[in-house]
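Coordinates in review
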Amino acid sequence: MEPKTSFTLATLLLFILNSHVGVLSGAYQYSRSDFPADFVFGSGTSAYQVEGAAYEDGRTASIWDTFAHDGYAHGENGDVACDGYHKYKEDVQLMVETGLDAYRFSISWSRLIPNGRGPVNPKGLDYYNNLINELISNGIQPHVTLHHYDLPQALEDEYEGWLSRDVVRDFTDYADVCFREFGDRVLYWTTVNEANVFAFSGYDTGNSPPQRCSPPFCTTNSIRGNSTFEAYLVGHHILLAHSSAVTLYRTKYRDQQRGFVGISVFTLGFTPQTNKEEDVVATQRARDFFIGWIMEPLIYGDYPISMKKNAGARIPTFTSCESKQVKGSYDFIGVNHYQNVNVSDDYGALNIKLRDFNADMAVNFIYDQDLFSNSEFSVTPWGLQQELDKFKLLYGNPPIFIVENGQRTASNSSLLDLSRVKYFHGYIGAVLDALRNGSNVKGYFAWSFMDVFELLDGYRSSYGLYYVDRNDPELKRYPKLSAKWYKHFLIGRTSSIELVENEKDSSLVSDLGHLFQ
Ligand SMILES: *[C@@H]1O[C@H](CO)[C@@H](O)[C@H](O)[C@H]1NC(C)=O
Ligand SMILES: *[C@@H]1O[C@H](CO)[C@@H](O)[C@H](O)[C@H]1NC(C)=O
Ligand SMILES: *[C@@H]1O[C@H](CO)[C@@H](O)[C@H](O)[C@H]1NC(C)=O
Ligand SMILES: *[C@@H]1O[C@H](CO)[C@@H](O)[C@H](O)[C@H]1NC(C)=O
């Protein structure tokens, strides 16, 4: 695959954009300087998705390795992934080249502490020290996630992982190692990525690690588990583990290290399917079950009323001591956001005897695109703006980092990902609008820095700014148009879609020439 000459690319882009002016006409011009000076722009990956070296230097399997090797990601796996374990130095150079302020990555718990608890693996320690030092010496701020779907398999085997309260102790000890070893250089910590989806899809529908569910709720052929209550229990243990790690940081490290600890939640742009009262109420209920589930304990110390009402005794109760620990246990909230969903009421589901998380929520989700196929996410950025507004109104306007936002497309060696450029342009614009309307957003991380091993799609779908040539034994990376657009925006030029839209702008051709050199 040969990147084309600059002239051809620029001409082609002009052609494509000119034929889409109608689509873009709602867009407006903005530039980096419209954002606050301390607003952070970055991009992210996670350990299992990018590192590879799955059996090297003492690393042991995580529940995600097991999931992939059991065939749940089209028979593909992260054994090699992007070989980031060996290529981190050249990847950091690409980040510099792209103009990133920050890089979001995760630590593989089972690389750092191979049995999940007990001795630290010196080779794992070296790898993360090297990566962090490489980032810092290149002026890139590390944002570190501790758990990104990859609990050590040893703990799953020993006590069923997140289903056991023992995980609170072991997660806190793992966080302690990370704060102690890396906290002199890492200021931003996310405890658990997409806490809500990890619990919901890992333990109700069973289509993500550790693929637990019970019939008739399973969306895969997995049948270990109990969809009726495990997701709630796991959500509860995540909140306890998270808040325990935050308490540890605040008592033992914060005075010296002066960092920030948060947790991330997966959001959708929830929209009522019709403006009928019951659909509007159902939309609020969907938001309670998805987002309030994590946010209300953090803000108020307890689960949303609608959840307690519908799930009854199946949702655990916080003791007053736990409630105090959970309440306020965040310095920021990480928001993962990709697309919108329409919601309609399904209150009748509550009368059916057999119930799970989904049935308790009592809504129907109507997606424009199937979440579970590799179709392309549409560009509906108002959904993100609306959700940020809800965080402002419902959850006390916490400091927020958009930790994931990006467009899924089918994997493609074409570097001309114009739809992804439009996606980023639209969503970064929505973040700016939300910011101007009083939202407390502090940063934005494009998902993903390169094409990685994706949870559900393996290597069949891609979100990357950089294409990874999987037919090349060297796994060479190539910048897509989206990487060039992001760079163009980050180095302080006006968002390039606007430049190309304004054909009469004489700087247009030279700007594009520059962009595609
Ligand atoms: C799941 O747990 C609930 C509540 O403990 C129990 O009533 C139900 O029988 C269990 N179902 C299965 C399939 O084990
Ligand atoms: C979702 O609702 C909007 C109106 O709010 C409508 O335009 C769109 O077609 C709906 N999408 C689906 C998949 O029904
Ligand atoms: C890859 O992208 C090219 C150019 O955008 C497009 O024509 C082609 O259909 C895409 N292939 C796949 C498999 O999506
Ligand atoms: C701005 O915020 C107000 C109050 O939260 C809200 O009603 C309004 O819809 C928001 N406007 C936009 C454009 O998001």
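None of these values were measured; they are calculated from a predicted model.

This brings us to helix H17 (residues 418-436). For H17, which comprises 19 residues, the first-to-last C-alpha distance of 27 Å matches the rise-based estimate of 27 Å (1.5 Å per residue) to within 8%. A large share of H17 lies buried, amounting to 16 of its 19 residues.

It is worth spelling out the pairing of strand E10 (residues 441-447) at this point. With six of seven residues buried, E10 is to be regarded as a mostly interior element. Strand direction decides the pairing type here: strand E1 (residues 40-44) and E10, joined by five bridges, are parallel. The residue of E10 that forms the bridge with Gly-42 is Phe-445. Direction of pairing for strand E8 (residues 400-405) relative to E10: parallel, over a ladder of four bridges. Residue pairing in the sheet places Phe-401 in a bridge with Gly-443 of E10.

For ligand 4, the full set of nearby residues is Gln-385, Asp-389, Lys-392, Leu-393 and Asn-437. Within the contact set of ligand 4, an oxygen atom lies 3.0 Å away from a side-chain nitrogen or oxygen of Lys-392. The separation between an oxygen atom of ligand 4 and a polar side-chain atom of Asn-437 is 2.4 Å. A breakdown of the residues in the shell around ligand 4 according to their chemical character gives one nonpolar, two polar and two charged.

Turning our eyes to something else, we now look at the packing of aromatic side chains. Per the stated rule, a full pass over the model turns up 59 aromatic pairs. Here the aromatic rings of Tyr-232 and Trp-293 are separated by 6.4 Å at their centres, their planes lie at 70 degrees, and the arrangement is edge-to-face. Of this pair, Tyr-232 sits in helix H11 (residues 230-257) while Trp-293 sits in helix H12 (residues 277-300), and the two are 61 residues apart along the sequence. The rings of Tyr-30, Phe-35, Phe-39, Phe-41, Tyr-423, Phe-424, Tyr-427, Tyr-444, Trp-485, Tyr-486 and Phe-489 are connected pair by pair, giving a single aromatic cluster. The residue whose ring lies beneath Arg-470 is Tyr-459, and the NZ or CZ to ring-centre distance is 3.7 Å. Looking at Lys-476, its charged tip hangs above the ring of Tyr-478, at a distance of 5.2 Å from the centre.

The next thing to look at is the confidence of the model for the protein chain. Chain-level statistics for the protein chain give a pLDDT mean of 90 and a share of 89% at 70 or above. With pLDDT under 50 throughout, residues 1-27 is counted as low confidence; its partners more than four residues away or in other chains account for 37 contacts. Low pLDDT (under 50) marks residues 499-517, which in the prediction has 37 contacts with non-local residues, meaning those over four places away or in another chain.

Another aspect to go through is the environment of Ile-400. In this fold, Ile-400 is placed in strand E8. With 136 residues separating them in the primary sequence, Ile-400 and Ser-264 have C-alpha atoms 9.5 Å apart.

To continue, consider the pattern of salt bridges. All chains considered together, the criterion is met by 28 salt bridges. Taking the shortest distance from any N to any O, the salt bridge between Lys-123 and Asp-57 comes out at 4.0 Å. Of this pair, Lys-123 sits in helix H7 (residues 122-137) while Asp-57 sits in the loop between helix H3 (47-50) and helix H4 (63-69), placing them 66 residues apart in sequence. Assessed through its relative accessible area of 45%, Lys-123 is described here as partly exposed.

Glancing now at the state of the cysteines. Scanning all chains against the criterion turns up one disulfide. Sulfur-sulfur distance for the disulfide between Cys-213 and Cys-218 comes to 2.2 Å. Its S-S torsion of about 110 degrees marks the bond between Cys-213 and Cys-218 as right-handed, since a negative value means left-handed. In this pair, the class of Cys-213 matches that of Cys-218, namely buried.

About the thresholds
Residues numbered from 1 in each chain as written. Chains lettered and ligands numbered in written order. Predicted model: local features only at pLDDT ≥ 70, side-chain atom pairs only at ≥ 80, totals over all residues. Heavy atoms only, no water. Helix = DSSP H or I, 4+ residues; strand = E, 2+ residues; numbered from the N terminus. Expected span 1.5 Å × (residues − 1). Buried < 20%, exposed > 50% of the residue type's maximum accessible area, 1.4 Å probe, protein only. Pairing = 2+ DSSP bridges. Near = heavy atom within 4 Å. Polar contact = N/O pair within 3.5 Å; in protein donor to acceptor, adjacent residues only side chain to side chain. Nonpolar A, V, L, I, M, F, W, Y, C, P; charged D, E, K, R; others polar. Phe/Tyr/Trp six-rings, centres within 6.5 Å; stacked < 30°, edge-to-face > 60°. Lys NZ or Arg CZ within 6 Å of the ring centre and 35° of its normal. pLDDT = per-residue confidence, 0-100. Contact = heavy atoms within 4.5 Å. Salt bridge = Lys/Arg side-chain N within 4 Å of Asp/Glu carboxyl O. Disulfide = S-S within 2.5 Å.

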